[in-house]
Protein chains: 2
Amino acid sequence: MIRSRPFAGVAIAASVTLSAAPALADEGMWTYDNFPLAKVNSAYGLKLDQKWLDRVQAASVRLTTGCSASLVSKSGLVFTNHHCVVECVQDLSSDKRDFVKDGYLTATREEERTCPGMQAEILMSITDVTKDVLGATAGKSGQSFVQARDGAMAAAEQAGCAGDGAVRCQVISLYRGGQYKLYKYRKYSDVRLVFAPEFATAFFGGDPDNFNFPRYNLDIGFVRLYENGKPAVTPQHLTWVSRAPHEGEPTFVSGNPGSTNRLMTVSQLETLRDLTIPVGQLQRSELRGRLIRFSEEGPEQKRVATDPLFGVENSFKVYFGQQFALNDKAFMDAKRVQEAELKAKVAGDAKLAADIGDPWGDIAKAQQAYANNYLRYRQIEGGAGYSKLYDYAKTLVRAAQERGKPSAERLPEYAETRLPLQEKQLLDAKPVDMALEETYLGFWLSKTREYLTPDDAAVKTLLGKESPEGLAKRAVANSKLGDPAARKALWDGGLAAIQASDDPMIQLVLRNDPAARAVRKAWETEVQGPTDAAAERVARAKFAAYGDAVYPDATFSLRLSYGKVAGWTYRGTAVPSTTNFAGLYERATGAEPYELAPRWIAAKDKVNPSTVYNFVTTNDIIGGNSGSPVVNARAEVLGAAFDGNIHSLGGAFGYDGAINRTVVVATSAATEALDKVYGRTALVKELTGK
Amino acid sequence: MIRSRPFAGVAIAASVTLSAAPALADEGMWTYDNFPLAKVNSAYGLKLDQKWLDRVQAASVRLTTGCSASLVSKSGLVFTNHHCVVECVQDLSSDKRDFVKDGYLTATREEERTCPGMQAEILMSITDVTKDVLGATAGKSGQSFVQARDGAMAAAEQAGCAGDGAVRCQVISLYRGGQYKLYKYRKYSDVRLVFAPEFATAFFGGDPDNFNFPRYNLDIGFVRLYENGKPAVTPQHLTWVSRAPHEGEPTFVSGNPGSTNRLMTVSQLETLRDLTIPVGQLQRSELRGRLIRFSEEGPEQKRVATDPLFGVENSFKVYFGQQFALNDKAFMDAKRVQEAELKAKVAGDAKLAADIGDPWGDIAKAQQAYANNYLRYRQIEGGAGYSKLYDYAKTLVRAAQERGKPSAERLPEYAETRLPLQEKQLLDAKPVDMALEETYLGFWLSKTREYLTPDDAAVKTLLGKESPEGLAKRAVANSKLGDPAARKALWDGGLAAIQASDDPMIQLVLRNDPAARAVRKAWETEVQGPTDAAAERVARAKFAAYGDAVYPDATFSLRLSYGKVAGWTYRGTAVPSTTNFAGLYERATGAEPYELAPRWIAAKDKVNPSTVYNFVTTNDIIGGNSGSPVVNARAEVLGAAFDGNIHSLGGAFGYDGAINRTVVVATSAATEALDKVYGRTALVKELTGK
């Protein structure tokens, strides 16, 4: 599953070949303003044009929960993955009604309910603001580089969107600081849940089958955009088709890949390999173990932990794949060759060499500072992992401190243009499970003490004489921040209210704040500033060497990738491109996670067993692309991307068209299931017109 | 804590310099038949002789539970660490009486109770059998090399000890196959618990302080050797001293370091770094998380999970340190230089070169086979992690299958000389906690499916249509193997009884056995055979280049290391060599793991606050050395080694005398505490004669 967040079958076989700098066939997550139309038309015998691009762009949706989606009806209906809406499904559930387990099925629009914290965004325009940002940072270094850049980005956003509550402006850094573009979005902050299947259906095969193929998942969800309490009018939607995709059919994935590191230097990749990923994985594994045991304690514990555990396990597998890709000596050697080639091109051009200098050396030097600062930055400023209450408290404290400053001088996440989404996510009502909160907070505190030692000054300030578990219990039990009204009062009350608050979670954040700001400053000064300033020069070197035949690393902004429906062959085994419903029934064992939901057992004789269920394409995607429409050359939607195969896990660092595959749930399966299994005739009619 | 088992403050600062091949000052875990007496006497101005060596050897004890110890009275009293007897303390506890929490204090010998599964062994003699073993393997390769070697080792043991139930013979492979020595031990299979402090006292500071210093732990335990129901007569004991050690006092650690990898080739270290350790750590972290949550579920869960959780956390920290040592580029580069130097010496001697060939290349080649086979070998043949019931079942099944064969043709762990200990450990009565068993078994099954995928043939055979959790629940609930009588019946009944058994754990092992044997065969043929055969040639190259001024890697056999009482300085901070009782009271917070046991709170005004509590020495040790006597040049015991400092975690791969330290609990502290806190006057009299 590949949603973004800090998010995304283990098999140590991650094989990643490397593009030379210009992209190979089917490689690339291209921006809409630099899509290689001519190359694609030539390769696939198509006649795609700007109009086609505009049409697909206008129907492509970004969900602030870390996913992608598409408009599929004229009444604001949006098609995405189940795992992109499961948090909403969980939030709408209670100990009385478990929609995660049972599915969320609406019969009328009145039953559609708002998803807390979710905002949908559709890209309207892209404007180049590179000059403004680079102008602001010229000659600066360290933290002042970071602050000047962040200030210029915030100012450009403010200039682009100020005063229009219906839009959101966001400056996207592309090519690791080589370009800055202002993305202007139409935003929808009332997004309502329309349909979600049972968890057992959407995630059939569970963690064991995740990132594997063949797959048999109905990983679909529908939400609807609302404006002023009514369904949005969206004539620009894609065309839903109920037929199966054809083998070899050209496919385009339009969505928001979250993060890739393909343009990172070798020294940065080594740091990821030797420090960042291992530490993250060790902590994630332990939390996974705690949540597994937690969820075994009873049905209610299982209910509340289902989505969090899915998230942790999904991330675990993503980083497992990344770690083993980076541990592959051949892969790293290829990266070294690639870097040496670029350096040689720079060295061969005296003027360029004088301009570029040695950013690779500068970045390598910053890696030592990275290693020295990372654990404290991660634990002290990074926040309390998955705790909602701590996150609420941190947002309240920081926003109160920052809102008094001019926008461009604030911590960037509190710049004026970013406040509306912060406020929505803070104030929307969401259930908060106290037992889970205590687990998260205790876990974070205990890992912070473990990794920084009990003698670290910041740890002593955090814990005082309490144990991590004791403090977590006390702070969670006595915090009022689970109540949206309490949060609103503190948000509205500003700094005075915060400082007067006796809420233990607010007090915990306040106590930690000086150390957290200090460690952030050290990080920006010693690590982020030098790295980002040097990365701009690496980007300039790449443009000089390869022109615009390169695509930027993923940044959770709209991209288009191209490819076709095709299976693959690995170590002599050919994997076909599609699965069908018959295969689902064959794989079922009756034991979790291979257990069929009751509706599917009941519908066995009604569904067409040869319906194409999931299929794979050669498109180049990554976490964040979840829910992306997979469209053909007629802008018909064939499915929603929901996963990559196991080989694609190395895709964070490189793409191998021979074996990297996008896994898609077909609209053919969605139509058949909505009709025959779920009896959602109104929804089918809205999608198909029939 | 550094006991051996597959076992052992996280701080990413592992700094390991490397010995050139001949050992540097204070480096080395020397065998008693090759201790550098002259060098040590010269360096420290001493006059140690063979008589001194014989005396210390005769008082050094190996515990089969993975620890070391020493004789400290003429009546079989043995001094070791608390964490070396805590499993026994746990086994003697029940839901009615928690000796782990409260301590185990005997007033009379009648209260001393037998520790299940524990055997004590004292080394009597060492005989060189290298020629016999190398003769048997000459010209062999792959699995036949492994079988010939193991058969020759078993035959030498049988020849050395057959018919004498009071001794145990064990052939130790030294220098990774460069030498084979027959170690003959006097064995004591009735070992009784005499004294253990409270867990909170023995492990004050808990996991956060583990492998750190300053420390304040009374990590001591006493057991007594019995023969024919009476305390053993042991006139060769060491002299107990109640005074504190002197700064700079020469110290000798006599014990059984478990395992080091200092003689491994670079390609082997890379495999450890990139595969073996990461996979182990990720699984260990998850199990840690499950056990933490398990122990939070109630007091009884906490009681039964205390020792297992300690074990998992201890191992986690050991391997964390190892992983970051191996991730250190400077460290690996130094290893490469060292290897190149040895290769150059070989290449410079035509005759030697012809004899040695290229074992480094052979081992590097075997690493690919290692990577291909490792996960299946680990999960399918490695066994079900911590499950006692599965271990019992596996021992019963394999022993029944193997005992019908001639000793030299059996799997080596079932050779005739190894059966007595197998039988003791199988049949001794031990409490088995069903909830923990279910956790362990379910964890192993789920990780096996995750790492091998649900489509692996062995996984399908294991699980059938059941889920890992469902199968674990059923097998644990219905197994009778927790009952020693049931185990005895199956042991005595042999293969016929095993095959007729309806015990689900026996059936699970039987079902898995063909795949497990196949994967073991592949491992021995493709990985172990080629590696071990080549390692013999690396050892020959080292002997040729450096003579016997090298020491072998640790193998949980008796070794002697030398050094002195000394603190260290790291990054400008000087760490003193000792702590005292006053520091303990200062560090206490009242919250776990910094909570004092009630007896210590009560005794605050009685104990001498300046009593030296823990101290550090420059001795070179590793896990398995736990409980080792730290003696001076007069064979007086100054303390028991119980830990290494954080820098010593890289000690698996190299020793750095500037910062690697052994952490010791002083006999001065033990005497004062036994007297003033615990009122054990009889024990104090036995130790001190007063």
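Structure: see above.
Since the model is a prediction, treat every value here as computed from it, not as a measurement.

1. Some points on the side chain of B:Thr617
Residues and elements named next belong to chain B.
- Mapped onto the elements, Thr617 comes out in strand E19 (residues 612-617).
- Residue classification places Thr617 among the buried residues on the basis of a relative accessible area of 0%.
- In this structure the side chain of Thr617 is engaged in a polar contact, spanning 2.7 Å, whose partner is the side chain of Asn619.
- Residues contacting Thr617, with those up to four places away along its chain left out, are Thr251, Lys564, Val565, Ala566, Asn660, Arg661, Thr662 and Val664.

2. Here's the deal with the state of the cysteines
Residues and elements named next belong to chain A.
- Across all of its chains, the model carries six disulfides over all chains by this definition.
- Bridging Cys67 to Cys84, the disulfide has an S-S length of 2.1 Å. Handedness of the Cys67-Cys84 disulfide follows from its S-S torsion of about -80°: it is left-handed. Taken together, the positions of Cys67 in strand E3 (residues 67-71) and Cys84 in helix H3 (residues 82-92) put the pair 17 residues apart, joining distant regions of the chain.
- Owing to a relative accessible area of 0%, Cys67 belongs among the buried residues under this scheme.
- Two residues, Cys161 and Cys169, share a disulfide whose sulfurs are 1.8 Å apart. What sets the handedness of the Cys161 and Cys169 disulfide is the S-S torsion sign, and at about 70° it is right-handed. Like Cys161, the residue Cys169 is buried in the burial classification.
- The cystine pairing of chain A, numbering bonded cysteines in sequence order, is 1-2, 3-4, 5-6.

3. Some words on unusual backbone geometry
Residues and elements named next belong to chain A.
- Phe213 connects to Pro214 through a cis peptide bond whose omega is 5°.
- Within the fold, Pro214 resides in the loop between helix H8 (206-209) and strand E11 (221-227).
- Cis peptide bonds are those with omega within 30 degrees of zero, and the linkage from Glu592 to Pro593 qualifies with -5°.
- Topologically, Pro593 is positioned in the loop between helix H21 (581-587) and helix H22 (598-602).
- The phi dihedral of Arg571 falls on the positive side, at around 45°, and the residue is not glycine.

Cut-off values and rules
- All residue numbers refer to position in the chain's written sequence, counted from 1.
- Chain labels run from A onward and ligand labels from 1 onward, assigned in the order the entries are written.
- For this predicted model, a pLDDT threshold of at least 70 governs which residues receive local features, and a threshold of 80 or more governs which side-chain atom pairs are given and counted, while totals over whole chains, interfaces and linings are taken from all residues.
- The basis for every side-chain value is the complete set of non-hydrogen atoms in the structure, without hydrogens or water.
- Segments assigned H or I by DSSP are reported as helices when at least four residues long, segments assigned E as strands when at least two residues long, and all are numbered from the N terminus.
- The rule is simple: take the accessible area with a 1.4 Å probe, protein chains only, and divide by the maximum for that residue type; under 20% is buried, over 50% is exposed, in between is partly exposed.
- The term polar contact refers here to a pair of N or O atoms within 3.5 Å; inside protein, the definition further demands a hydrogen-donor-capable atom paired with an acceptor-capable atom, and it admits residues adjacent in sequence only when both atoms are side-chain atoms.
- Contacts are assigned to residue pairs with any non-hydrogen atoms lying within 4.5 Å of each other.
- By definition, disulfides here are pairs of cysteine sulfur atoms that lie within 2.5 Å.

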